[in-house]
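What follows is each chain in one-letter form.
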There are 4 protein chains.
Amino acid sequence: MADIKIGIVGATGYTGSELVRILRNHPDASLEVVTSRSYSGMKFSEIHPQFVDIFDKKLDDVNKLDQYKLDLVFLALPHGKSMEFVKEKGVKSYKIIDLSGDFRIKSTTLYNQWYKTKHVCPKMIKQAVFGLPELFRNEIRRARLIANPGCYPTSAILALAPLIRNDLIKHKEIVIDSKSGVTGAGSKAKDNTHFPSVVGNFNAYALHHHRHTPEIESVLKQYSGTNIQALFTPHLLPVDRGILTTIYAKPKKKIDCEELKNIFHTFYKKESFVRFLDSPPSIKNVRGSNYCDIYVSYDSRTNTIITVSAIDNLVKGASGQAVQNMNILFNLLENSGLKNLPLSP
Amino acid sequence: MADIKIGIVGATGYTGSELVRILRNHPDASLEVVTSRSYSGMKFSEIHPQFVDIFDKKLDDVNKLDQYKLDLVFLALPHGKSMEFVKEKGVKSYKIIDLSGDFRIKSTTLYNQWYKTKHVCPKMIKQAVFGLPELFRNEIRRARLIANPGCYPTSAILALAPLIRNDLIKHKEIVIDSKSGVTGAGSKAKDNTHFPSVVGNFNAYALHHHRHTPEIESVLKQYSGTNIQALFTPHLLPVDRGILTTIYAKPKKKIDCEELKNIFHTFYKKESFVRFLDSPPSIKNVRGSNYCDIYVSYDSRTNTIITVSAIDNLVKGASGQAVQNMNILFNLLENSGLKNLPLSP
Amino acid sequence: MADIKIGIVGATGYTGSELVRILRNHPDASLEVVTSRSYSGMKFSEIHPQFVDIFDKKLDDVNKLDQYKLDLVFLALPHGKSMEFVKEKGVKSYKIIDLSGDFRIKSTTLYNQWYKTKHVCPKMIKQAVFGLPELFRNEIRRARLIANPGCYPTSAILALAPLIRNDLIKHKEIVIDSKSGVTGAGSKAKDNTHFPSVVGNFNAYALHHHRHTPEIESVLKQYSGTNIQALFTPHLLPVDRGILTTIYAKPKKKIDCEELKNIFHTFYKKESFVRFLDSPPSIKNVRGSNYCDIYVSYDSRTNTIITVSAIDNLVKGASGQAVQNMNILFNLLENSGLKNLPLSP
Amino acid sequence: MADIKIGIVGATGYTGSELVRILRNHPDASLEVVTSRSYSGMKFSEIHPQFVDIFDKKLDDVNKLDQYKLDLVFLALPHGKSMEFVKEKGVKSYKIIDLSGDFRIKSTTLYNQWYKTKHVCPKMIKQAVFGLPELFRNEIRRARLIANPGCYPTSAILALAPLIRNDLIKHKEIVIDSKSGVTGAGSKAKDNTHFPSVVGNFNAYALHHHRHTPEIESVLKQYSGTNIQALFTPHLLPVDRGILTTIYAKPKKKIDCEELKNIFHTFYKKESFVRFLDSPPSIKNVRGSNYCDIYVSYDSRTNTIITVSAIDNLVKGASGQAVQNMNILFNLLENSGLKNLPLSP
């Protein structure tokens, strides 16, 4: 029974191809239309040749979208383009799940400052719900516009939420050291993602000015009601997929490692896509799947809580989470279409 | 409806974990028992941590197998161990799909010579059916013991079959130049698969004595009724999964490239898992999937037919093909449980 | 004593940076000027940051070249640009080593056909010497314009030369199956060299129309006096550096493997940069060095000679060989400045 | 003039082969003897095939060492074996540079606790000098036994030294988040360094119990006279060589970013092997070289100093630094034999 009629706008990037990979096997979804400004007229599988004979639909221009009767549109557009789309089209006949950063930050001041551009559709920001199901499931259920979380923020917020919710750590001494695979930088070839530049290499980038910083802080503030300040440092891993985030936090009071683990276990025990582990996670153990693996430990010597999380940046960090949000929006089983197991080795 | 009761013998290697990855989502399979001599008593997910919270079943000793009422047993054992199992247990209450090389070669002389050991169960070789569905679907349907093809032979035979069936090439001037990812060498750590030895590296190995050579030749002979001789050279790629095989063959008579492509197209048009492509394949376009991608071309300058094929060695080259065989054995849709799309990028 | 005054034209690509890596430690070379049209005015180390504090010289526009009194100019330009340079400047005050393909092929007809452009400086082609020292050392010594060999041709010709020189193989049944690292495709970011497109991937490309084909054939013809025809298939390896070439050839007459090995051993025993090996070579064993490793074997079953060679495409396949040519041109020890040992692991 | 007579004990691991790679081109070193217990009698180049035709010397048993008149012995032995060697042989006729961890920590209590074994030669610990030239050059000059630093400690201590020497940071709020290539784990094949386990993967390990922790702390204490406490988290990168270390520290007082950069610049301006950079370093920009690249930044928002350093773990993190120490010991130019430039790409 494929009855949710779906459009994907901007389907030629990595989040677009991941949406197709997942939705083609979703029991309740029907992919009606995929659009691209630059490649309209070409087959989807000419851009993404892994889909030859699987999904050869022609790419339409985004203007053709209104010719389809859709229940849901995924915006797989770059930052800046999504807010233009929403400004122009509104959220009327179909619901929207936006994979860009345009509706994640509630404060336009923060948005303008970190994204270095002026938000063109501020009135819709309030309606937008941050689509992290583990924290905002109820709000998601009722949303019409979902701001699908960033990849780094997903890995950081899920690792910090149990600590913040239980008021266990100091709010302004959080260090988030993240390492991401190259697909996080998008499908467009650039000098710094040229194969010989990346293979055998590793480096930090965007030190203290990556725009996922305000996303992490403002979502955690919204979640906890307290101001949170975090230092976020991203690094570029020579792998295609995966984010590993190592977080250092200072306990507010005396803490016991066993108790800490119990808190995490309890916090996530009903979740389908969070696995709380006994040992530090690895990105390959979640590759291609919607899992977020989390580990926590307490170093008594330096009085520090260390949390490590792992996701596939294109799945739980993007398109998988978007489908999880769709499932919630349409009252389906939350793991519907998301049962692919990790591809390892 | 999960009604095919399944056991996996030797479940701690890569073909074992791939079988679990696929069968856990198979609508008609129930994994009753997984065995390991070395790790019995441990959880499957302690050996393969990607399956924590997904498949935590305890590994049994193989001796416990008879306590289960099984329909099918997959032998994910090393060469030599499978024939011992079959010799001891026979093929009585359950069917067997053997992923080792023990029952692939019909001639014990050839087996003994290339595997450098004496076959211990020669009488079962005759009963065994070579489990390459695209060539031997009817025989598979009636089999009780299936010899699941080797990874290299799968990629080579599927690329050569249309040429041989249509008697287009000289039988003794075939060069098969194959390149495989490291999982093909098994899950056991060895010096030549140590990460620093492989990354950034590439080399040929086992020149003119790899034991997939007689498998390729004898299966093609069985298929065509003619003696086939091929020179097979394997290489080790610095990737985890994937085989690309480039084949050079000499036409028997004048050939036209268009006609050649038509022959391949016709040969495979009804197959679910063979994609005949317009441009040379890439291993990443089949990663994690059961596809075999094939391309053919004719170089008039040197009068040579070039065929290139790509598979995931652990899926179409091993466990995926084994499940495809299971589906045929049990009269299911051939792609049942095998709908995972290629994981790319 | 640094007395050879050198200019590098087009120094911002990979062959340019390799030349600097080697020449900075050359006892007899002085890097007077490095040029770039696009980046003139910037420091060399801003483009190639590995050279910060090592070689921070400003890039000049190529027009400034005449202000320097140079003994030798390396042209590290793309194909097409080198012949324009030579046409305009001639070969007067300084010698030229050209790393592009513009002067490698003696026949302008062949050049125009395979490079799909018209040669603008045909009269200089005759003067140009193909800079493969192991075959043309005497000619190189007297040259003023050296056409530095292509990377694939270096690996193929050195592996074939002993067979051809000793008239051991059939001239028109040669298959050259080559696999190259990504630096061979240049330093410019392209879709097919985007990291996520290459990592974990492998494919053949440019089937039967790669322009190194006529280079291999015409140089071997020039060397042997006979027409040689070869089928050349390049593949793209997920590594930064290295070419491995596997060659299949048919013996003209009965051959003995021991004798074959002796022929290769004798042919190369006085060479500094060719290592004739007892076992198949690996690209990592030559990484960063000017070695070409070669192995030969005879498969009596299929009556085929297999030769395997390995080079670092940026060193023996480009800039290292260019410096080797410089050493010959200026009567230095041939391995001067080229003593870097392979970086492995 | 090759007059320092050298032995390498335990030459079959990675630090052994790197020593040979460097010392073969050292103008003042003569490699007299290389030893191995397990492989004595074999050629060095049979174990390390990159050295075929370059260094084919036979491996001797360590007992033969006394037959050579040596000036210097490098111990490239595992932890535990070096102290046994020193206990047995003493430091009499030749100087010793030990690449293991056995003589790096001055407190036997700490050693016993973190290395989980009892030190067998405590009286020599006092004589041993920690071989980090940038901090202890004078002591090294007079030493007879040098404890060559660990790879992680080299990257961490050099990044912290200017801060600690100038008393700029709080002593107990230091977080060291390090990422290392796989050669750091040694040349022996293990499950967790099996290629398919590492490629495409990334993980943290040895959380709060890695034995480089006390090395970092005690050396910085020795250097500064104050107790230093640091939380050290290592991660495993899917690359062969390279360590990138990201350090977070809290300023003691108000700090200005410009001033901070000046302090680092001044601290390292006379050093041959430390490059203080304007932008975050990359491990590939130091590959194969003895450089340590360092960057520092101040995040005013969270009041944190971030320092990032990059080394090649086998060169500046092991064998290159050992040769640098040798040069100091024997009054040579400190960069003698260490002029190899970074191999990038």
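Up top you'll find the structure we're talking about.
Residues numbered from 1 in each chain as written. Chains lettered and ligands numbered in written order. Predicted model: local features only at pLDDT ≥ 70, side-chain atom pairs only at ≥ 80, totals over all residues. Heavy atoms only, no water.

Enquirer: Help me understand the pairing of strand β10 (residues 243-249) of chain C, please; the structure alone is not making it clear to me.
Expert: Both faces of the sheet carry side chains from a regular strand, because those side chains alternate between them. Residue and element names in this part refer to chain C. Here β10 lies mainly inside the structure; 7 of its 7 residues are buried. Residues Ile-243, Thr-245, Ile-247 and Ala-249 line one face of β10 and the alternating positions Leu-244, Thr-246 and Tyr-248 line the opposite face, and both faces are buried. By the bridge criterion, 6 bridges tie strand β7 (residues 174-180) to β10 in an arrangement that is antiparallel. Residue pairing for β10: Val-175 is matched across the bridge by Tyr-248. Relative to strand β13 (residues 304-311), β10 runs antiparallel, the two being bridged by 7 bridges. Directly across from Ile-247, in β13, lies its bridge partner Thr-307. (Buried < 20%, exposed > 50% of the residue type's maximum accessible area, 1.4 Å probe, protein only. Helix = DSSP H or I, 4+ residues; strand = E, 2+ residues; numbered from the N terminus. Pairing = 2+ DSSP bridges.)

Enquirer: Is there a simple way to think about the relation of the copies chain A and chain D in this case?
Expert: Here the two chain copies are tied together by a rotation about an axis and a shift along that axis. For the pair chain A and chain D, the relating rotation is 180°, the translation along its axis is 0.0 Å, and the fit reaches an RMSD of 0.0 Å. The symmetry that links the two subunits is that of a two-fold axis. For chain A, the minimum C-alpha distance to the rotation axis belongs to A:Pro238 and amounts to 3.5 Å. (Least-squares fit on C-alpha atoms with pLDDT ≥ 70 in both.)

Enquirer: Is there a simple way to think about the packing of helix α7 (residues 151-165) of chain A against helix α9 (residues 212-224) of chain A in this case?
Expert: Each pair of packed helices can be summarised by the angle the axes make with each other and by the distance between the axes. Residues and elements named next belong to chain A. Following both chains from N to C, one finds α7 and α9 inclined at 30°, their axes separated by 10 Å at the closest point. In this structure, α7 meets α9 at a crossing whose hand is right-handed. Across the interface between the two elements, Cys-151, Tyr-152, Pro-153, Ala-156, Ile-157, Leu-160, Ala-161, Ile-164 and Arg-165 from α7 touch His-212, Glu-215, Ile-216, Val-219, Leu-220, Tyr-223 and Ser-224 from α9. In terms of residue class, the contact of α7 with α9 is built from 12 nonpolar, 2 polar and 2 charged. (Axes fitted to C-alpha atoms, helices over the stretch in contact; angles between N-to-C directions. Left-handed = near helix turned anticlockwise from the far one by under 90°. Contact = heavy atoms within 4.5 Å. Nonpolar A, V, L, I, M, F, W, Y, C, P; charged D, E, K, R; others polar.)

Enquirer: Before we go on, may I ask you to explain the pairing of strand β2 (residues 29-35) of chain B in this structure?
Expert: Residues and elements named next belong to chain B. Of all the 7 residues making up β2, 6 are buried; the element is thus mostly covered by neighbouring parts of the structure. Strand direction decides the pairing type here: strand β1 (residues 4-9) and β2, joined by 6 bridges, are parallel. Looking at the pairing, Ile-4 lines up with Ala-29 of β2. What joins β1 to β2 is helix α1 (residues 14-23), and the crossover it makes is right-handed. (Right-handed = clockwise from strand over helix to strand, strands pointing away.)

Enquirer: Quick question: what am I supposed to make of the packing of aromatic side chains here?
Expert: Residues and elements named next belong to chain A. Within the structure shown, the criterion is met by 40 aromatic pairs over all chains. Taking the centre distance of 6.1 Å and the plane angle of 85° together, the rings of Phe-136 and Tyr-223 count as edge-to-face. Placement of the pair is Phe-136 in helix α6 (residues 133-141) and Tyr-223 in helix α9, with a sequence separation of 87 residues. You'll find Phe-136 and Tyr-223 in the same group, each marked buried. (Phe/Tyr/Trp six-rings, centres within 6.5 Å; stacked < 30°, edge-to-face > 60°.)

Enquirer: What am I meant to see in the sheet that holds strand β12 (residues 292-299) of chain A here?
Expert: Adjacent strands of a sheet form backbone hydrogen bonds with each other and so pair up, either parallel or antiparallel. Taken together, 7 strands build an open sheet; the order of strands is β8-β9-β7-β10-β13-β12-β11 (chain A) and the sheet is mixed. The sheet is open, and its two borders are formed by β8 (203-204) and β11 (274-276) of chain A, each paired with just one other strand.

Enquirer: I would appreciate a short explanation of the side chain of B:Asn313 in the present structure.
Expert: Residue and element names in this part refer to chain B. Within the secondary structure, Asn-313 sits in the loop between β13 (304-311) and α11 (315-329). Asn-313 gets classed as buried once you look at its relative accessible area, which sits at 2%. In terms of polar contacts, Asn-313 uses its side chain to reach the side chain of Thr-183, at 2.9 Å. Sequence-distant contacts of Asn-313, defined by excluding residues within four places in its chain, comprise Cys-151, Thr-183, Gly-184, Asp-240, Arg-241, Gly-242, Ile-243 and Ala-318. (Polar contact = N/O pair within 3.5 Å; in protein donor to acceptor, adjacent residues only side chain to side chain.)

Enquirer: How should I be thinking about the interface of chain B and chain D in this particular structure?
Expert: Taken residue by residue, the interface counts 19 residues in chain B and 18 residues in chain D. Note on chain B versus chain D: buried area summed over both sides is about 1400 Å², and carbon and sulfur give 68% of it. For the chain B face of the interface with chain D, the top three residues by lost area are B:Ala189, B:His194 and B:Phe195, together amounting to 47%. Applying the counting rule to chain B against chain D returns 0 salt bridges. Here the side of chain B that touches chain D is composed, by residue class, of 9 nonpolar, 6 polar and 4 charged. (Buried area = accessible area lost by both parts, 1.4 Å probe. Salt bridge = Lys/Arg side-chain N within 4 Å of Asp/Glu carboxyl O.)

Enquirer: Quick question: what am I supposed to make of the interface of chain A and chain D here?
Expert: It is common to give the size of an interface as the accessible area lost on bringing the parts into contact. On the chain D side, the residues contacting the 43 residues of chain A number 42 residues. Summing the contributions of chain A and of chain D, the shared interface buries around 3600 Å²; its carbon and sulfur component is 60%. The tally of links between chain A and chain D comes to 4 salt bridges. Among the salt bridges present, the one from D:Lys179 reaches A:Asp177, with a minimum N-O distance of 3.2 Å.

Enquirer: In this structure, what is going on with the environment of B:Lys269? I would like to understand it.
Expert: Residue and element names in this part refer to chain B. Counting through the fold element by element, Lys-269 comes out in the loop between α10 (257-268) and β11 (274-276). Residue Lys-269 is classed as exposed on the basis of its relative accessible area of 53%. Sequence separation between Lys-269 and Ile-54 is 215 residues; the distance between their C-alpha atoms is 36 Å.

Enquirer: What's the story with the relation of the copies chain B and chain D in this structure? I'm lost.
Expert: Placing chain B over chain D gives an RMSD of 0.0 Å and needs a rotation angle of 180°, together with 0.0 Å of translation along the axis. Mapped onto chain D, 95% of the interface residues of chain B again fall at the interface, so both copies present the same surface.

Enquirer: I tried to follow the packing of α1(B) against α11(B) on my own but got confused; where do I start?
Expert: All names here are of chain B. One way to put it is that α1 packs onto α11 with a least axis distance of 9 Å and a crossing angle of 50°. With respect to α11, the axis of α1 lies oblique. Judged by the twist between their axes, the crossing of α1 over α11 is right-handed. For the pair α1 and α11, the contacting residues are Thr-15, Glu-18, Leu-19, Arg-21, Ile-22 and Leu-23 in the first and Val-315, Ala-318, Ser-319, Gly-320, Ala-322, Val-323 and Met-326 in the second. Class assignment for the residues of the contact of α1 with α11 results in 8 nonpolar, 3 polar and 2 charged. (Parallel < 35°, antiparallel > 145°, perpendicular 65-115°, else oblique.)

Enquirer: Honestly, the sheet that holds strand β1 (residues 4-9) of chain A in this entry has me stumped. Any pointers?
Expert: Residues and elements named next belong to chain A. Read across the open sheet, the 6 strands follow the order β2-β1-β3-β4-β6-β5; overall the sheet is parallel. For this open sheet the edge positions go to β2 (29-35) and β5 (129-130), each flanked by a neighbour on one side alone. As paired elements, β1 and strand β3 (residues 72-75) share 4 bridges and run parallel to each other. Across the sheet, Val-9 pairs through a bridge with Leu-75, a residue of β3.

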